Amino acid sequence: MIHWTTLFAVEKVAKEGGLFDLDATLPLMAIQFLLLAIILNAIFYKPLGKAIDERNEYVRNNQLEAQERLSKAEKLAQQYEQELAGARRQAQTVIADAQAQAQKIAAEKTADAQREAQAQREQAASEIEQQKQQALASLEQEVDGLSRQILEKLLGADLVTR
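Residues numbered from 1 in each chain as written. Predicted model: local features only at pLDDT ≥ 70, side-chain atom pairs only at ≥ 80, totals over all residues. Heavy atoms only, no water.

Chemist: Would you explain the overall build of the protein in this entry?
Modeler: The secondary structure content of the protein amounts to three helices and zero strands. If you list the helices and strands of the protein from N to C, you get α-α-α. Here the protein holds 162 residues, and 1% of them are scored as buried. When the accessible area of the protein is evaluated, it comes to approximately 15,300 Å², of which 61% is carbon and sulfur surface. (Helix = DSSP H or I, 4+ residues; strand = E, 2+ residues; numbered from the N terminus. Buried < 20%, exposed > 50% of the residue type's maximum accessible area, 1.4 Å probe, protein only. Areas by Shrake-Rupley, 256 points an atom, 1.4 Å probe, with all protein chains shown as cover.)

Chemist: Mind showing me how you'd approach a nonpolar patch on the surface here?
Modeler: A grouping of Ile-31, Leu-35, Leu-36, Ile-39, Leu-40, Ile-43, Phe-44, Tyr-45, Leu-48 and Ile-52 is seen on the molecular surface, where their side chains present a nonpolar patch of about 960 Å² in accessible area. Relative to the helices and strands, Ile-39 is located in helix α2 (residues 25-155). (Patch = residues over 30% accessible without salt bridge, like charges linked within 9 Å, V, L, I, M, F, W, Y side chains within 5 Å. Salt bridge = Lys/Arg side-chain N within 4 Å of Asp/Glu carboxyl O.)

Chemist: Even after reading the chapter, I still don't get the packing of aromatic side chains, so can you show me in this structure?
Modeler: What describes a pair of aromatic rings is the distance from one ring centre to the other and the angle between the planes of the rings. In this structure the tally under the stated criterion is one aromatic pair. Consider the rings of Phe-44 and Tyr-45, whose centres lie 5.3 Å apart with planes at 65°: the pair is edge-to-face. (Phe/Tyr/Trp six-rings, centres within 6.5 Å; stacked < 30°, edge-to-face > 60°.)

Chemist: For this particular structure, what's the right way to read α2?
Modeler: Residues spaced three or four apart along an α-helix point in a common direction, a consequence of the helix completing one turn every 3.6 residues. Along its 131 residues, α2 runs 183 Å from first to last C-alpha, staying within 8% of the 195 Å computed at 1.5 Å per residue. Its axis deflected by about 50° at Asn-41, α2 carries its strongest bend there. Just past α2, the residue Gly-156 takes up positive phi, approximately 110°. (Expected span 1.5 Å × (residues − 1). Bend = angle between axes of the 7 residues up to and from the residue.)

Chemist: Is there a simple way to think about the pattern of salt bridges in this case?
Modeler: It is possible for side chains bearing opposite charge to pair when their charged atoms get close. Tallied over the full model, the rule gives three salt bridges. Residues Arg-60 and Glu-57 are paired through a salt bridge, measuring 2.6 Å at the closest nitrogen-oxygen approach. Of the two residues, Arg-60 and Glu-57 are both situated in helix α2; the distance of three residues between them amounts to about one turn of the helix. Note on Arg-60: relative accessible area 43%, which makes it partly exposed. Under the relative-accessibility criterion, Glu-57 is labelled partly exposed at 37%. Measuring nitrogen to oxygen at the nearest pair gives 3.8 Å for the salt bridge that ties Arg-69 to Glu-65. Here the residue Arg-69 and the residue Glu-65 both occupy positions in helix α2, the gap between them amounting to four residues, near one helical turn. Exposure remark for Arg-69: the relative accessible area of 59% places this residue in the exposed category. A residue is classified by how much of its surface remains accessible, and Glu-65, at 37% relative accessible area, is partly exposed.

Scope: geometric values only; no functional claims are made or implied.
Following this line, the structure appears as structure tokens:
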């Protein structure tokens, strides 16, 4: 009999509420859902949205700063490249001037050395000429002396002195 009563109660409940029951529980469930949504919005969604917005702002600011720094770095790099190119041109000019000056000094030293060598050759030639003249003069004296001795021996000393 208990079985029959439970079946009868279940049938009575099944007939009363169908798929949608439009009694006081539906508005109560709607109010509960709205309260849950408001509480979740206040406790969870607003702070989470605020944190996400702050993070997006932080990322955006960092991105802008990075772009500004990159543009400054590119400008500085370009400026340094221009200064480096100017320094290279200046160094090339200094090197060219130094080479020209070195060639000029080398040419002057070479010309001085050639003049000095020519002067030494001329001096040596004149010394050789003087020595030649002296040697010829001494040879003449010796030849005169030897010819006198030969004559004295051949002819006699008395005939040669006259």
